[in-house]
Amino acid sequence: MASAPPPPSRAGAPPHGGFLSLDAQLANYRAYHRHPVNVAIHAVCVPAIFITSLIFLGGIRLPVPPALSAAAASVVAALPPTIRMMMPSPTAATAVAAAYIIYYLSLDARIGSAASLYVLAMAAAAQAYRTTADAASAAAAGSADGVHGAGLGSALMGSGCGNGDAPCVWLLSDAVWGHGLVPPVLRLPAAVWTAGWVAQFVGHGAFEGRRPALVDGFIDAISTAPLFVFIEGVLGLGGWSALRHKLEAGDAAAAGVKNQ
């Protein structure tokens, strides 16, 4: 018989079982996310916040030896343009995505391997946006380096949201973000990032009736949130039945302790 995961920790303390315990991390995070509407909000907002955060971090370059950089550039240059735009670059975004993958693999090899694909997909989406948006911005500034692959970036910063014709022009305008305060290519990600956090707090206040997990354990919450969303998605599709039964047993045990 599978043992029940421990109940959530007291405010401000890490969950019992430690940072490297999958059962403890999931039990703690699930305790803050019971209401189906709040879970649905997180299913949308957590990946949105993760991707946009990586877009921001993609602007922080990391030092790389010139020889290694040249070798990597030659390999990437041989790839098709669609693949090339999603390839990781030596930035803080790549480092953060790698840290999440290593952490999830350390929790559980099987679940972590599957969750790593989820993280890689989000990282690729962030890299694609950053590449195309930067290229479009450079092209708009008349740079020869920005001519290729405008794609999504030009759609967002060109006639779609930049020239006054689309409904989103006000949201991305200087009136909202301040002239020069937030670069135009980052205004849509910034708006999505902000809306994602606001929606999650609304979910906790209006539906869950409990403060967010990050208030009681910030590192645990931001580390576990993408994994929680991924696992809930797999369970919703009927996968990992053994894990479902284990989590449901833990939920029942925690509810019994709470009602005592």
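Positions within a chain are numbered from 1, following the residues in the order the chain's sequence is written. Thresholds applied to this predicted model are a pLDDT of at least 70 for local features of residues and 80 or more for the giving and counting of side-chain atom pairs; totals over whole chains, interfaces and linings are not thresholded and use all residues. Side-chain measures here rest on the full set of heavy atoms in the structure, leaving out hydrogens and waters.

Novice: With reference to specific residues and values, describe the overall build of the protein chain.
Specialist: In terms of helices and strands, the protein chain carries 12 helices and 0 strands. Burial classification: accessible surface area is computed with a 1.4 Å probe over protein chains only, and a residue below 20% of its type maximum counts as buried, one above 50% as exposed, and the rest as partly exposed. Counting the 260 residues in the protein chain, one finds 40% classified as buried. To measure how exposed things are, a 1.4 Å probe is used in the Shrake-Rupley method; for residues, cover is taken only from the protein chains shown. Counting every atom, the protein chain has about 13500 Å² of accessible surface; 69% of that belongs to carbon and sulfur. Runs of E in the DSSP output that reach at least two residues are strands. Runs of H or I that reach at least four are helices, and both are numbered from the N terminus.

Novice: Residues and numbers for the packing of aromatic side chains, please.
Specialist: Stacked, tilted and edge-to-face are the three classes applied to pairs of Phe, Tyr and Trp rings, where Trp contributes its six-membered ring and a pair requires centres within 6.5 Å; stacked means planes under 30 degrees apart, edge-to-face means over 60, and tilted covers the rest. Under the criterion given, the structure shown has 8 aromatic pairs. When the centroid spacing of 4.4 Å and the interplanar angle of 15° are considered together, the rings of Phe-19 and Tyr-103 count as stacked. Of this pair, Phe-19 sits in the segment before helix 1 (22-31) while Tyr-103 sits in helix 5 (residues 92-107), placing them 84 residues apart in sequence. Given the relative accessible area of 33%, Phe-19 is considered partly exposed. Judged by relative accessible area, which is 9%, Tyr-103 ranks as buried.

Novice: Could you give an account of the pattern of salt bridges, with specific residues and numbers?
Specialist: Note on definitions: salt bridges are taken to be side-chain nitrogens of Lys or Arg within 4 Å of carboxyl oxygens of Asp or Glu. For the structure shown, the criterion picks out 4 salt bridges. Where Arg-30 meets Glu-232, a salt bridge forms, and the shortest distance between an N and an O atom there is 2.6 Å. One end of the pair, Arg-30, is in helix 1; the other, Glu-232, is in helix 11 (residues 218-236), and 202 residues separate them in sequence. Overall, Glu-232 belongs to the partly exposed group, its relative accessible area being 23%. When the shortest N-O distance is used, the salt bridge between Asp-134 and Arg-130 registers 3.1 Å. Of this pair, Asp-134 and Arg-130 both sit in helix 6 (residues 109-140), separated by 4 residues, roughly a single helical turn.

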